[in-house]
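# A look at the structure
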Amino acid sequence: MTKVLNVASDFARSPSGRYLSDGPNSGERFREELLYPALSSDQVEVVLDGVLTLGSSFLDEAFGGLVREKGLSPRELRNKLVIRSRLDTYVNKIWSYIEDPKNRKH
Amino acid sequence: MGSEAFLQSEGPFYKSALDGGARCHKTCRWRAFSTLTAVKKPSEDLQQWMTRRQRLSAARQQRVSGVQRAKDHKRSVARATARAPLRRRVPSRLRYYARREYRREVELFFEQVNEILLSGRSVLIDFSQVERLFPCGVLILMGWVDEWVHEFPGLLSATYPKDDLVEQMLQHVGVLQKLGLPPRKAVAHDDVVRWHYFHGRDADATPIEPFMLELQKILGEEQQLGLGNCVTEAMINVRHHAYGGEHGGPWWIFATVSKGSVFVALHDRGDSVPGTLLAKPAIADYLTGRMWSAGRGDGSLITAAVGGRTRTNLPFRGKGLPEMLEFTKNYPASELGIFSRSGFFRFDGQESTGRLVSPIKGTLVIWMLKIAEP
């Protein structure tokens, strides 16, 4: 079963910030409240279209944090996670954060 | 004791003697004398002498009390003057991102007001001569006013500007209201309403959504998203580096978009870029053998934080400023200016740095992009 997460409608139109202390729409909150719980499904599709901001701190904490903080492997995420966006730049950016070797030290 | 001998004493007593001694209340000796001895009528000369003496005495008392009155008056004037606020005129052009002499004029105004407030005196900020406002100057003004109102409650007042546009703008951003002047204009002028003004304490981008939506209409999704990301990352920089505490600290943003150009100015009054860089132990290697005291290297430190020509590859100050610089380089004729502590960095096709005569509290980022509409 595929779970669809639309960032703009399910979370915030202007996601921003890395940690919970940065504000209500931070990457940490998105990961902890929506993304990580959704990964219990067979597959998760994250839709980025419709957002007004998508800063690197948010993306790194939300997606890179799955490896760094939750201990998921990039290979596992490649099998489970699908990122959809009209702008490929952001899809590539997210996978670069997930596969960043620095994440695996933790 | 004879009457003459007594009459040589002070005048008022003599007057009492002439009245029969009934009013004497100074000495029992006179009372006894006056009741027991018939007073010989003083001669004409003596009476005149006594009258003159009395007048002289009265005149001397008047002189003394006049001096006292003058002293009292002087003291009360001094007290009233001390209570009256000192008037300080805001420069006619409130501009910071400008040539040194313009910037110096604005710096001096803020320094003077701050020094007066620190001395305990009150200040009347006189906006009457302001003819033009620039977003960089208004942001600095708002930072100072917020700080003064918080630290010196009741010591600040202001006059309304004479210029209608200036008043609308200062009312639009709430400066006049903070200084105790009720709003009296309908804010409707295009040159005022086209400016978005945001103020916050954390890195939440929700307040800037109206600006982002306007940008999206003009620039399209991709450019808007890229620009919005730079702004939010700069806000995160402020949250993480300028204000390290749990509750963050205030920042102010001015932004506008018009045909082919975007302007964003961001100001915070937290720790400076050079200050936060120097606080990092690993930066010591980078600084070896250089002079960084008294702010001499601040421009170079800002350049390092931005990832300019002195790139260190150390992620010391977040991604916001480097992303802004990269974004700026993609658009010819665009500019990025960063003022922090005693230095500044500027990119307008070429990188340059400089030193400020008067250090700025916190950081001011000025971003001007020339963007071709899709």
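Anything mentioned here points back to the structure above.
This section reports on the structure supplied with the text. (Residues numbered from 1 in each chain as written. Chains lettered and ligands numbered in written order. Predicted model: local features only at pLDDT ≥ 70, side-chain atom pairs only at ≥ 80, totals over all residues.)

This part takes up the overall build of chain A. On a plain count of helices and strands, chain A comes out with five helices and three strands. Counting from the amino terminus, helix and strand elements in chain A follow one another as β-α-α-β-α-α-β-α. By the compact-globule yardstick of 13 Å for 106 residues, chain A fits well, its C-alpha radius of gyration being 12 Å. Taken along its principal axes, the extent of the C-alpha atoms in chain A is 30 × 30 × 25 Å. Classification of the 106 residues of chain A by burial places 40% in the buried group. (Helix = DSSP H or I, 4+ residues; strand = E, 2+ residues; numbered from the N terminus. Rg over C-alpha atoms; globule rule 2.2 N^0.38 Å. Buried ≥ 20, exposed ≤ 12 C-beta atoms within 10 Å, placed from the backbone.)

A few words now on the sheet that holds strand β1 (residues 2–6) of chain A. Residues and elements named next belong to chain A. Spatially, the three strands line up as an open sheet ordered β1-β2-β3, and their pairing is parallel. Of all strands in the sheet, those bounded by a partner on one side alone are β1 and β3 (81–84). The sheet shows a mean angle of 20° between the axes of neighbouring strands, direction not considered. (Pairing = 2+ DSSP bridges. Axes fitted to C-alpha atoms, helices over the stretch in contact; angles between N-to-C directions.)

Another point: the interface of chain A and chain B. For interface size, the figure often reported is the accessible area lost on association. Each partner contributes residues to the interface: chain A has 17 residues there, and chain B has 18 residues. Within the side of chain A that touches chain B, the residues separate by chemical class into four nonpolar, ten polar and three charged. (Contact = placed C-beta atoms within 7 Å. Nonpolar A, V, L, I, M, F, W, Y, C, P; charged D, E, K, R; others polar.)

Take the sheet that holds strand β10 (residues 351–370) of chain B next. Residues and elements named next belong to chain B. What the five strands build is an open sheet, ordered β6-β7-β8-β10-β9; its pairing is antiparallel. Each end of this open sheet is capped by a strand with a single partner; those strands are β6 (196–200) and β9 (335–347). For this sheet, the mean angle separating the axes of adjacent strands, direction not counted, is 20°. Lying over the sheet, helix α14 (residues 298–306) contacts β9 and β10, oriented at roughly 130° with respect to β9.

Moving on to helix α3 (residues 56–68) of chain A. All names here are of chain A. Counted at 1.5 Å a residue, the expected span for α3 with its 13 residues is 18 Å, but the 16 Å between its end C-alpha atoms falls short. Along its length, α3 shows its largest kink, about 30°, at A62. Counting buried positions along α3 gives twelve out of 13 residues, so the element sits mostly inside the fold. Regarding α3, the residues found buried are S56, S57, F58, L59, D60, E61, A62, F63, G64, G65, L66 and V67. (Expected span 1.5 Å × (residues − 1). Bend = angle between axes of the 7 residues up to and from the residue.)

These figures come from the coordinates and say nothing about function on their own.
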